[in-house]
Protein chains: 2
Amino acid sequence: MTIKKIAQLANVSTATVSKVINGKDKYISEATKLKILKIVEQEGYVPNGIAKSLKIKKTKTIGIIIPDVMNLFFSELARGVEDAAEKRGYTVILCNSDNKESKEEKYIQMLQEKKVDGIIITAPENRTHQSIKIQDIPLVLVDRDIGTQTDQKIGRITVDNRDGAYKATKYLIENGCREIGMISSNYKNKPSADRIKGYEKALDESNINIEQNKIFLENYTIESGYNGAKKILKETEVDGIFCGNDLIAIGAIKALREKDIRIPEQVKIIGFDDIQISQYMDPPLTTIRQPIYQMGEESVKMLISLIKNKGKNLEKVLQTKLIQRGSA
Amino acid sequence: MTIKKIAQLANVSTATVSKVINGKDKYISEATKLKILKIVEQEGYVPNGIAKSLKIKKTKTIGIIIPDVMNLFFSELARGVEDAAEKRGYTVILCNSDNKESKEEKYIQMLQEKKVDGIIITAPENRTHQSIKIQDIPLVLVDRDIGTQTDQKIGRITVDNRDGAYKATKYLIENGCREIGMISSNYKNKPSADRIKGYEKALDESNINIEQNKIFLENYTIESGYNGAKKILKETEVDGIFCGNDLIAIGAIKALREKDIRIPEQVKIIGFDDIQISQYMDPPLTTIRQPIYQMGEESVKMLISLIKNKGKNLEKVLQTKLIQRGSA
DNA sequence: ATGAAAGCGCTAACAT
DNA sequence: ATGTTAGCGCTTTCAT
């Protein structure tokens, strides 16, 4: 079924059918409108979006490139993106890059061929290189920073990591901790650096010394959390630990358990992210929630603004929230 | 940049450019081939896939409709699908239905307009209704059963749930359990029914009576697991529980903990699915792993067979695997 | 070894 | 209020 066949069946031109289908029927008589709609219904006609896209040069499709949907952070982000896109009549193509530049580039090529209207891209490590050479496709970077191209339309969504870390550490202090450790990542990117700054600021404000043997920086993994807690415990004493993300917190808790240290009575643990499993841990994790779903939503809102030519260099910083549970 | 511009720059026809770009260059002289390729490279030309799709009536795109990417089961499935699709030059459009028929239908309409070459659809509950009226688009159902249409191309991927449940229960028996409970869902679908059958078969084989007060059927949730374990504990005694999925197992463990029952010494717990969090629980969950990622892969293989007209009613049953960890 | 031209299904400017 | 028509960028048949 094509618009042409519908037109024949209705004894009208394709133009008329097109107008009716697309609601541009101001000047169409009620009679023909009804007649056409009826035939469309009867024949189960579905417009060919490909042909339409070719003509109007819009696909109402966006691409999202994330490292891995199986990672809870990114699946939530993807859900936020998908919901927001669907609500606005957009369809989303999902790409998993595993943080590999080669995969990213391959996907970007594919998305360009598919003529997506825009791309949302994210990565935990903020690459410095400029691997993304995209012609005129609007781009939104989530939690990521790359050098701006000449005059590409770019948007950025980030989270106030410094404030989040500050709130976490402050919370420990307010709950009586004075010997506060930190376990986080040693990545050289802004989110990681900001989490350290927030931790230090909170200690400074309360006149607590920053001691290097209470700080362990490695990776955002359970293993690093475990290693970090063991090392800190061996070298010094703590009554609270701020963990750079929830996985680290889970690892740290495991290490403390092995030493029969009670949480939160003896040592309080606070994480960052609020991934889904955190609430099911034992004890349930107190943590700093990142508005992940909302980041997804905001990134499509921003992307669509860019697509519709409203601005060309947008930026938005979202705030975190302390979620109080059992570990601190 | 279009193929036409490239043709002009190279002083050849669009037909020649098209042939070179698509590798159909058997009869093209090396000289012109090189000339064209060089210009393509210089100009950074990217073919317009939309125009191509309109012409060849293939989009190299498939749609996947799942309830929710944030659910670990489905994110893993989506990853399997995406990887397998990418490997074969296909792009995937992701849709979250929340198990709502209205959303499914809306997405199916969208996917039809986008002229996807095929659709993969899945749901935890096997609907009996025939909501899916898709014209000629090949369809693969994952873990789901709907009545076959007239002569639609359909594939089905399922897991041998009965055998999985049998293995789980058998394992408990082999490890000394004689009073074995079951907590699962009361959904009226094949996977759920099969899990019950597998449990009963294992008990039968070992001449253990099936006792209704050791069985609790509700939902596939942590809460149901918690409720189920409490109820069973109140009414009877058990030394092992087969849980219909891992969430239930997590809830059951919580209930046992509250009664200071040691796992696995006093009661052994085995789950089903092997979702990601299971390995991080305390104790780590012994469970029956479903080959979720593989289901995703198999479903695109099957879908592409259908698209390429190899068969029109395919079926594949995958097997489960016992993962031994700390809870049983 | 290369090119001319039709046509995929649609939209929209313009004509009537 | 409705119709004519060009053209979006590409592939492919058929000619040469």
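Cut-offs applied
- Residues numbered from 1 in each chain as written.
- Chains lettered and ligands numbered in written order.
- Predicted model: local features only at pLDDT ≥ 70, side-chain atom pairs only at ≥ 80, totals over all residues.
- Heavy atoms only, no water.
- Helix = DSSP H or I, 4+ residues; strand = E, 2+ residues; numbered from the N terminus.
- Rg over C-alpha atoms; globule rule 2.2 N^0.38 Å.
- Buried < 20%, exposed > 50% of the residue type's maximum accessible area, 1.4 Å probe, protein only.
- Patch = residues over 30% accessible without salt bridge, like charges linked within 9 Å, V, L, I, M, F, W, Y side chains within 5 Å.
- Areas by Shrake-Rupley, 256 points an atom, 1.4 Å probe, with all protein chains shown as cover.
- Salt bridge = Lys/Arg side-chain N within 4 Å of Asp/Glu carboxyl O.
- Lys, Arg positive; Asp, Glu negative; His and termini not counted.
- Charge placed at Lys NZ, Arg CZ, Asp CG, Glu CD.
- Near = heavy atom within 4 Å.
- Polar contact = N/O pair within 3.5 Å; in protein donor to acceptor, adjacent residues only side chain to side chain.
- UniProt positions renumbered as here; feature names shortened; annotations may be inferred.
- Contact = heavy atoms within 4.5 Å.
- Pairing = 2+ DSSP bridges.
- Buried area = accessible area lost by both parts, 1.4 Å probe.
- Nonpolar A, V, L, I, M, F, W, Y, C, P; charged D, E, K, R; others polar.
- Core = buried A, V, L, I, M, F, W, Y, C linked by side-chain atoms within 4.5 Å.
- 1 Å grid on protein atoms, 1.4 Å probe; cavity = no way out; pocket = protein on both sides within 12 Å on 5 of 7 lines; lining within 4 Å.
- Points joined across faces, edges and corners; volume = space filled by probe spheres on them.

Under an unreviewed UniProt entry, the name given to chain A is LacI family transcriptional regulator, and the source organism is Senegalia massiliensis.

Peer 1: What am I meant to see in the overall build of chain A here?
Peer 2: Along its length, chain A carries 11 helices and 12 strands. Against the compact-globule benchmark of 20 Å for 328 residues, chain A has a radius of gyration of 26 Å, which places it well outside the compact range. Across its three principal directions, the C-alpha atoms of chain A cover 85 × 40 × 30 Å. For chain A, the residues scored as buried account for 55% of the 328 residues in total.

Peer 1: Explain a positive patch on the surface to me, please; I cannot follow it from the model alone.
Peer 2: A contiguous patch of positive charge, built from Lys24(A), Lys52(A), Lys58(A), Lys60(A), Lys308(A) and Lys310(A), is present on the exposed surface. On the basis of relative accessible area, Lys60(A) is assigned to the partly exposed category, the value being 35%.

Peer 1: Can you help me understand the protein's contact with DNA strand C in this one?
Peer 2: Taken together, 27 residues lie around DNA strand C, and Ile3(A), Ser18(A), Tyr45(A), Ser13(B) and Lys57(B) are the ones closest in. Here the atoms of DNA strand C within 4 Å of the protein split so that 70% fall in sugar or phosphate, with bases taking the remainder. Within the side chain of Lys24(A), an N or O atom sits 2.8 Å from a phosphate oxygen of DNA strand C. Take Ser13(B): an N or O atom from its main chain is 2.7 Å from a phosphate oxygen of DNA strand C. Mapped by element, the contributors of at least two residues to the surface near DNA strand C are helix H2 (14-21) and helix H4 (49-56) of chain A together with helix H2 (14-21) and helix H4 (49-56) of chain B.

Peer 1: How should the UniProt feature "domain: HTH lacI-type" (unreviewed entry) in chain A be read in this particular structure?
Peer 2: The sites that carry the UniProt feature "domain: HTH lacI-type" (unreviewed entry) are, in the present numbering, residues 1-56 of chain A. The distance separating the terminal C-alpha atoms of residues 1-56 of chain A is 21 Å; by composition the span is 68% helix and 0% strand.

Peer 1: What am I meant to see in the side chain of Asn245(B) here?
Peer 2: Residues and elements named next belong to chain B. Examined against the element boundaries, Asn245 turns out to sit in the loop between strand E8 (240-243) and helix H10 (246-258). Overall, Asn245 belongs to the buried group, its relative accessible area being 7%. Within the structure, Asn245 has its side chain in polar contact with the backbone nitrogen of Leu247 (distance 3.2 Å). There is a polar contact of 3.0 Å between the side chain of Asn245 and the backbone nitrogen of Ile248. Residues contacting Asn245, with those up to four places away along its chain left out, are Arg195, Tyr220, Gly271, Phe272 and Asp273.

Peer 1: Could you clarify how one ought to interpret unusual backbone geometry in this entry?
Peer 2: Backbone geometry follows two general trends: most residues other than glycine have a negative phi, and most peptide bonds adopt the trans configuration. All names here are of chain B. Following Ile263, the chain continues into Pro264 via a peptide bond in cis, with omega recorded as 5°. Here Pro264 is to be found in the loop between H10 and strand E9 (268-273). Looking along the chain, the bond that leaves Asp282 and enters Pro283 is cis, with omega of 0°. Take Pro283: it is sitting in the loop between E9 and strand E10 (286-289). Even without being glycine, Asp98 reaches a positive phi, approximately 50°. Assignment of secondary structure puts Asp98 in the loop between strand E2 (91-96) and helix H6 (101-113).

Peer 1: Explain the pairing of strand E3 (residues 118-122) of chain B here, please?
Peer 2: In the case of a regular strand, side chains alternate between the two sheet surfaces. All names here are of chain B. In terms of burial, E3 is a largely internal element, five of the five residues being buried. Here E3 shows two buried faces, one formed by Gly118, Ile120 and Thr122 and the other by Ile119 and Ile121. Judged from the four bridges that link them, E3 and strand E4 (residues 139-142) form a sheet pairing that is parallel. Paired with Ile120 across the bridge in E4 is Val140.

Peer 1: Could you clarify how one ought to interpret the interface of chain A and chain B in this entry?
Peer 2: Accessible area lost on assembly of the parts is the figure often given for the size of an interface. With 48 residues of chain A in contact, the opposing surface of chain B contributes 48 residues. For the pair chain A and chain B, the summed buried surface comes to about 4300 Å²; carbon and sulfur atoms form 59% of the total. Broken down residue by residue, the surface that chain A buries against chain B is led by Ile50(A), Met70(A) and Arg79(A), which jointly contribute 16%. At the surface where chain A touches chain B, the tally comes to eight salt bridges. Ionic pairing is found between Lys106(B) and Glu86(A), a salt bridge with its closest N-O pair at 2.8 Å. Counting the contacts that link chain A with chain B gives 22 residue pairs in polar contact (both at pLDDT 80 or more). Sorting elements by how many residues they give to the side of chain A that touches chain B places helix H6 (residues 101-113) of chain A first, with seven residues. Split by residue class, the side of chain A that touches chain B holds 20 nonpolar, 14 polar and 14 charged.

Peer 1: Explain the nonpolar core here, please?
Peer 2: Across soluble globular proteins, nonpolar side chains show a tendency to be buried alongside one another. Ranked by internal contacts, the top residues of the largest apolar core, which has 56 residues, are Ile62(A), Ile120(A), Ile62(B) and Ile120(B). Contacts of Ile62(A), omitting those with residues within four sequence positions, involve Val81(A), Ala85(A), Tyr90(A), Thr91(A), Val92(A), Ile93(A), Val116(A), Gly118(A), Ile120(A), Val300(A), Leu303(A) and Ile307(A). Membership of the second largest hydrophobic core comes to 28 residues, among which are Ile121(A), Leu141(A), Leu111(B) and Ile137(B).

Peer 1: How should I be thinking about the layout of surface pockets in this particular structure?
Peer 2: In this approach, a probe sized like a water molecule rolls over the atoms, and the result shows the empty space that is left. The computed volume of the largest pocket comes to approximately 1700 Å³. In this structure, the largest pocket is lined by 49 residues; those nearest its centre are Glu113(A), Lys115(A), Pro47(B), Asn48(B) and Gly49(B). Going through the elements one at a time, H4, H6 and helix H11 (292-307) of chain A together with H2, H4 and helix H5 (72-87) of chain B are the ones with two or more residues in the lining of the largest pocket. Ranked by the residues each element gives to the lining of the largest pocket, the list is headed by H4(B), at seven residues.

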